[in-house]
Amino acid sequence: MKLDEIDHIAIQVKDIDKSLNWYLKNFNCKKIYSDKTWAFIELNNIKLALVRKEQHPFHFAVINNNIHLEKNVQKHRDGSISKYINDPDGNKIELIKYTDTK
């Protein structure tokens, strides 16, 4: 049985550029993307999203190839689609799919 895969963890930061620069300086990682609203960095075993509180909740994302573009599913700039769900304790989990976004 193939286990599910965590795609990324999102943490909220006050200043995207300042936080991005701090992570790049203090860890051996690389920038995937950044703008004024969020940044994405990659470490060897996981990606980290630096997000603004106004735009995204704290969450972790799990690859889920069974979601389809429908109500409550959001399409992103990179072509991926995702939706948020809550676990029984209210923790946010993003289900994300990168291919076949039809």
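Going by the structure above, here's the rest.
Please read these numbers as outputs of a predicted model, since none were measured by experiment.

Here we look at the environment of Ser19
- Among the structural elements, Ser19 can be located in helix H1 (residues 16-26).
- Between the alpha carbons of Ser19 and Lys2 there is a distance of 34 Å; along the sequence they are 17 residues apart.
- Setting aside anything within four residues of it in sequence, one finds Ser19 in contact with Val13 and Leu50.

Side note on the pairing of strand E8 (residues 92-97)
- Judged by how many residues are buried, E8 sits mostly within the fold: five of six residues are covered.
- As paired elements, strand E5 (residues 59-63) and E8 share four bridges and run parallel to each other. If you follow Phe60 over to E8, its bridge partner there is Ile93.
- Sheet analysis places strand E7 (residues 81-86) next to E8, joined by six bridges and oriented antiparallel. Among the inter-strand pairings, Ile85 is bridged to a residue of E8, identified as Ile93.
- From the end of E7 to the start of E8, which pair antiparallel, there are five residues, and Gly90 there has a positive phi angle of about 90°.

Here is what the cut-offs are and how they apply
Residues numbered from 1 in each chain as written. Predicted model: local features only at pLDDT ≥ 70, side-chain atom pairs only at ≥ 80, totals over all residues. Heavy atoms only, no water. Helix = DSSP H or I, 4+ residues; strand = E, 2+ residues; numbered from the N terminus. Contact = heavy atoms within 4.5 Å. Buried < 20%, exposed > 50% of the residue type's maximum accessible area, 1.4 Å probe, protein only. Pairing = 2+ DSSP bridges.

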